Amino acid sequence: MTAARRGMWTLADHVICSGSNFALMILVAGNVSVVTLGEFALLYGFYVVVVELSRAAVSEPLLVRRPEGDAAVRRALADSSGSAAVFGAVAGVVLLAVSPLLIGSHWRSAVVLALLLPALLVWDAIRLAFIAIGRQRRTVLVDIVGGVVQVSAAFAALHMSAGLSWLVAGWGFGGLVAAVLAVGQAGTLPRLTAPRRWLREYGKLVRPYFVETGALSLAGYAVLIVLGHIAGPAAVGAWRAALTLFGPANVVMAAGRVVVVSELSRLRSAAPGRMLRSAATAGLLCGAVGALAGTVAFLLPDSVGQALLGESWADVGPLVPAFTALLVIEGLGLGPYGVLRAMERVRMLFVLRVAVAGGRVLAVSVGAALAGAMGAATASSLVEATGFLSALILLTVVFAAVPPRTPPVTPRQSREHL
């Protein structure tokens, strides 16, 4: 399969997977109060953090160092999904411990999510493993089934009961169905004893990736918590509604990130001279998508916005300019960040991304105190712009110091630069 076809299949998969999440949030936003939407956003936000951490530990290493040969592929599928399941169980315990601080009396919702987290992470681990090894069609099939079941079950739950627990159960059930189908497509069961071996083989990548992603994901979740404490649950609901409105653009961003890292890793050994040109093209395209999404959101009639987001729509308008700027910068940043990731500039990228994460929480705190959700969104876009410019500078330093020609490696080899 050519790079273009792999990219199109990966984009199609992200359209399906993220599109189902977009449909879910539209469904919830249009049928609950902004306060309930904010509470669901906090619980859903915990899930997003856990998924991002799982991807850093078991998915990104496969995108950078793909297994070769049928035996290695089967082992990678079993080990990555098994490691994700174990991580999901641990995360479920953590959720139960911190749920009183997050959602107060809605402890039943936390229990439901904690029980379903292992299945949700197995689904995500296998779908990204399929992308890493070039089996995107299987990912598309799994995500179609999972997305349809998730949205249908959530719709049924909202019409059966207004309770948050039923909503979480319906959404999580779709993940369970998708996990079962993914395991069947993989042809191997998750190996629950795999985490130790996984760390032994990929540890040089897993550890910094995990801490880096943890800082970024926790920073994103901390933004919601800070915003809620400073500006109230309605501000969290408006923030979540704005994210939902820009959901289709975020689909492209998510797909672009996976494609950029995977394809640049291939070019690194096959045609390193094309890395910068390919990264620049991808970044410009994704930045244009962000600008287009902002234009559409700005021109959206109130009647359509209210139909999509319910009473949350009134609070979303002031956030559109800042969210547009944030998306454009994130899209452009896929280029330099992707090259640094593909070249395994682990420590350099780690320091940069952690600094951006910490700066975002601090900036959002100040912005929220000054101007609520709008101030927080503006501050977040400014921090992202600073990170993007820093990545460009670091990329210039890297290419000036060391040519990007390095020999291919096996999963058991390790290397770090800088």
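Just so you know, these numbers come straight off a predicted model, no measurement behind them. Throughout, a residue's number is its position along its own chain's written sequence, starting from 1. Given that the model is predicted, a residue must reach a pLDDT of at least 70 before its local features are reported, and side-chain atom pairs must reach 80 or more before they are shown or counted; all residues, however, enter totals for whole chains, interfaces and linings. Excluded from the side-chain calculation are hydrogens and water; included are all heavy atoms of the structure.

Description of the nonpolar core
Point 1. Grouping buried Ala, Val, Leu, Ile, Met, Phe, Trp, Tyr and Cys residues that are joined through side-chain atoms within 4.5 Å yields what is termed a nonpolar core. Categorising residues by exposure relies on relative accessible area from a 1.4 Å probe, with only protein chains included: less than 20% of the type maximum marks a residue as buried, more than 50% marks it as exposed, and the intermediate range marks it as partly exposed. Judged by nonpolar contacts, the single largest core of 100 residues is most densely connected at Phe40, Leu113 and Leu245.
Point 2. If you look at the next biggest cluster of nonpolar residues, it comprises 21 residues, including Leu267, Met343, Ala379 and Leu395.

Remarks on the packing of helix α10 (residues 275–299) against helix α13 (residues 320–342)
Point 1. The N-to-C vectors of α10 and α13 enclose an angle of 165 degrees; their axes lie 8 Å apart at closest approach. One finds that α10 runs roughly antiparallel with respect to α13. By crossing handedness, the relation of α10 to α13 is classed as right-handed.
Point 2. Along the lines of polarity and charge, the residues of the contact of α10 with α13 split into 16 nonpolar, seven polar and no charged. In this description, a line fitted to the C-alpha atoms serves as the axis of each element, helices being fitted only across the stretch in contact, and the angle between N-to-C directions of two axes falls anywhere from 0 to 180 degrees. Segments assigned H or I by DSSP are reported as helices when at least four residues long, segments assigned E as strands when at least two residues long, and all are numbered from the N terminus. The labels follow the angle: roughly parallel below 35 degrees, roughly antiparallel above 145, roughly perpendicular from 65 to 115, and oblique for the rest. Crossing handedness is read from the near helix: turned anticlockwise from the far helix by less than a right angle, it gives a left-handed crossing, and turned clockwise, a right-handed one. Lys, Arg, Asp and Glu make up the charged group, whereas Ala, Val, Leu, Ile, Met, Phe, Trp, Tyr, Cys and Pro make up the nonpolar group; the residues left over, Gly among them, are polar.

Focus: a nonpolar patch on the surface
Point 1. Together, Leu96, Trp107, Val111 and Leu115 make up a nonpolar patch on the protein surface, roughly 400 Å² of accessible area in all.
Point 2. Checked against the element boundaries, Leu115 lands in helix α4 (residues 107–132).
Point 3. Under the relative-accessibility criterion, Leu115 is labelled exposed at 66%. Patch rule: a residue counts if its relative accessible area is over 30% and it has no salt bridge; like charges are joined within 9 Å, and nonpolar side chains (Val, Leu, Ile, Met, Phe, Trp, Tyr) within 5 Å. Each accessible area value is a Shrake-Rupley result obtained with a 1.4 Å probe; residue values ignore everything except the protein chains displayed when judging cover. The term salt bridge refers to a pairing of a side-chain nitrogen on Lys or Arg with a carboxyl oxygen on Asp or Glu at a separation within 4 Å.

With respect to α13
Every α-helical turn comprises 3.6 residues, leaving residues that sit three or four positions apart pointing alike.
Point 1. Taking 1.5 Å of rise per residue, 23 residues should cover 33 Å, and α13 covers 32 Å from first to last C-alpha, within 8% of that figure.
Point 2. The principal kink in α13, of about 35 degrees, is found at Leu334, preceding the proline Pro336 by one to four residues.
Point 3. Of all 23 residues that make up α13, 18 are buried, and the element is covered over most of its length.
Point 4. One or two positions beyond α13, positive phi appears at Glu344, with a value near 60 degrees. Take the residue count of a helix, subtract one, and multiply by 1.5 Å to get its expected span. The quantity called bend is, for any residue, the angle between two axes fitted respectively to the seven residues ending at it and the seven beginning at it.

Comments concerning the packing of aromatic side chains
Point 1. Paired rings are identified among Phe, Tyr and Trp, the last through its six-membered ring, by centres lying within 6.5 Å, and are further divided according to the angle between planes into stacked (under 30 degrees), edge-to-face (over 60) and tilted (the rest). Under the counting rule described, the total for this entry stands at seven aromatic pairs.
Point 2. Each ring, one from Trp239 and one from Phe323, has its centre 5.2 Å from the other, and the planes form 70 degrees; the classification is edge-to-face. Placement of Trp239 in helix α8 (residues 233–245) and of Phe323 in helix α13 is noted, with a sequence separation of 84 residues between them.
Point 3. On the accessibility criterion, Trp239 (8% relative accessible area) is buried.
Point 4. Centroid distance Phe246 to Phe323: 6.0 Å. Interplanar angle 15 degrees. Geometry classified as stacked.

Here we look at the pattern of salt bridges
Point 1. Scanning the model with the defined rule gives nine salt bridges in all.
Point 2. Among the ionic pairs, Arg55 bridges to Asp124, the shortest N-O distance being 2.8 Å. Taken together, the residues Arg55 in helix α2 (residues 34–64) and Asp124 in helix α4 connect sequence positions 69 residues apart.
Point 3. Residue class for Arg55 comes out partly exposed when judged on its relative accessible area of 23%.
Point 4. Residue class for Asp124 comes out buried when judged on its relative accessible area of 5%.
Point 5. Asp143 is the partner of Arg127 in a salt bridge, and the nearest nitrogen-oxygen pair spans 2.9 Å. In this pair, Arg127 sits in helix α4 while Asp143 sits in helix α5 (residues 136–160), placing the two residues 16 residues apart along the sequence.
Point 6. With relative accessibility at 2%, the residue Arg127 sits in the buried group.
Point 7. Given a relative accessible area of 0%, Asp143 falls into the buried group.
Point 8. What you see here is one network of salt bridges that share partners, running through Glu52, Arg55, Asp124, Arg127 and Asp143.

Some thoughts on helix α7 (residues 195–231)
Point 1. For α7, built from 37 residues, the straight-helix expectation of 54 Å at 1.5 Å per residue is missed by more than 12%, its first-to-last C-alpha distance being only 41 Å.
Point 2. Remark: the principal bend of α7, roughly 95 degrees, maps to Tyr202.

Side note on the packing of α4 against helix α6 (residues 164–186)
Point 1. Between α4 and α6, the least distance of the axes is 8 Å, while the angle of their chain directions is 30 degrees. Viewed along their axes, α4 and α6 adopt a mutual orientation that is roughly parallel. Viewed along their axes, α4 and α6 form a crossing whose handedness is left-handed.
Point 2. The residue inventory of the contact of α4 with α6, partitioned by class, reads 20 nonpolar, five polar and one charged.

Quick notes on the confidence of the model for the protein
Point 1. In this model, the protein carries an average pLDDT of 80, and 89% of its residues clear a pLDDT of 70 or more.
Point 2. On a range of 0 to 100, pLDDT expresses the predictor's confidence in each residue. Per-element confidence in the protein is highest for α13, whose mean pLDDT is 88, and lowest for helix α1 (residues 3–29), whose mean pLDDT is 72.
Point 3. It only takes one pair of heavy atoms within 4.5 Å for two residues to be counted as in contact. Scored below 50 in pLDDT, residues 404–418 shows 33 contacts in the model against residues more than four places distant or in partner chains.

Overview of the environment of Ala41
Point 1. Position of Ala41 among the secondary structure elements: in helix α2.
Point 2. C-alpha of Ala41 to C-alpha of Pro233: the two residues are 192 residues apart in sequence and 9.8 Å apart in space.
Point 3. Once residues lying within four places of it in the same chain are set aside, the contact partners of Ala41 are Leu224, Val236 and Arg240.

Side note on the environment of Val320
Point 1. In this structure, Val320 sits in helix α13.
Point 2. The spacing of Val320 and Thr295 is 25 residues in sequence and 9.0 Å in space, taken between C-alpha atoms.
Point 3. Residues within four places of Val320 in sequence aside, it is in contact with Leu245, Phe246, Gly294, Ala297 and Phe298.

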